[in-house]
Amino acid sequence: MPNQNNHHISHRYDQELEALRDDVLSMGSKVEEQIENAVRALTEGNSELAEATIREDHSLNAMEVAADERAVSLLARRTPAARDLRFVMTAIKTITDLERMGDEAEKIARMAKRLNTRKPLKRYLSLPAMSEAVRNQTRQALDCLAAMDDEAAQRVHAEDAKVDEMFEGIFRELLTYMMEDPRTISDTIEILFVAKALERIGDHSKNITEYVIYMVHGQDVRHTDISHLYVDEGDSQ
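Residues numbered from 1 in each chain as written. Predicted model: local features only at pLDDT ≥ 70, side-chain atom pairs only at ≥ 80, totals over all residues. Heavy atoms only, no water.

*Asks:* What am I meant to see in the overall build of the chain here?
*Replies:* A count of helical and extended segments in the chain gives seven helices and zero strands. Overall, the chain shows an N-to-C arrangement of helices and strands of α-α-α-α-α-α-α. Residues classed as buried in the chain amount to 44% of the 237 residues present. For the chain, the exposed area adds up to about 12,400 Å²; of that, 50% sits on carbon and sulfur atoms. (Helix = DSSP H or I, 4+ residues; strand = E, 2+ residues; numbered from the N terminus. Buried < 20%, exposed > 50% of the residue type's maximum accessible area, 1.4 Å probe, protein only. Areas by Shrake-Rupley, 256 points an atom, 1.4 Å probe, with all protein chains shown as cover.)

*Asks:* Would you mind showing me how to read the pattern of salt bridges here?
*Replies:* Side chains carrying opposite charge are able to pair once their charged atoms draw close together. Counted under the stated rule, the structure contains 17 salt bridges. Across the salt bridge formed by Arg12 and Glu16, the nearest N and O atoms sit 3.6 Å from each other. Of this pair, Arg12 and Glu16 both sit in helix H1 (residues 2–43), four residues apart, which is roughly one turn of that helix. Residue classification places Arg12 among the partly exposed residues on the basis of a relative accessible area of 45%. In this structure, the salt-bridge partner of Glu190 is Arg114, at a minimum N-O distance of 3.0 Å. On the criterion of sequence distance, the pair formed by Glu190 in helix H6 (residues 185–217) and Arg114 in helix H3 (residues 82–115) is long-range, its members being 76 residues apart. Connected through shared salt-bridge partners, Arg12, Glu16, Arg77 and Arg78 make up one network. (Salt bridge = Lys/Arg side-chain N within 4 Å of Asp/Glu carboxyl O.)

*Asks:* Any chance you could explain a nonpolar patch on the surface here in plain terms?
*Replies:* On the surface, a nonpolar cluster with roughly 310 Å² of combined accessible area is contributed by Phe171, Leu175 and Met179. Secondary-structure assignment places Met179 in helix H5 (residues 150–180). (Patch = residues over 30% accessible without salt bridge, like charges linked within 9 Å, V, L, I, M, F, W, Y side chains within 5 Å.)

Keep in mind these values describe shape, not function.
The structure is reproduced here in structure tokens:
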């Protein structure tokens, strides 16, 4: 009988860990949707979609609170150790990053409402391409988290450099517009804020890949070169 009780407790514990994982991934899917809708609201001039995206931020915040409460409850009642503890800590950190990504999407939607009343600046330059790159990065980072795939996380981590390059390219484009026509300064600054919001979302996705590596290796790789964790087959021979 004691063995049956232990099995029941262990099964219940596994279910709670899985529920926390589902909370994080559901929140991630919501963030992906928010990013896509915010940029579409801008590039398509859809103020109704912008308003809906702004309203949905409350839903994302509620998801954050619920996931945080589940994680804290797990820590308090189950006192997880080793890998399970790293998973809960990874979930808590990821939840925070996802909420901030949602905040950036809301900022984009708010700027879209303002910019939609003005003449578009060449359909906002390279913003759609940058948005697609950032959403792909976010999706891949969450896939790494779902599979706890540290090698894929390392590859996605490296992809953030491309997003940074895209931001720098948009910055140069906007600078050219401002120099050629000072009347565009107000609009170009707002577009720059949108690009910066996308760049920050990319940074948060990069953070998630670092949490995955921490989960697998038990090593905090923030602010460090992670290449030493991975050795090519040719190098290992």
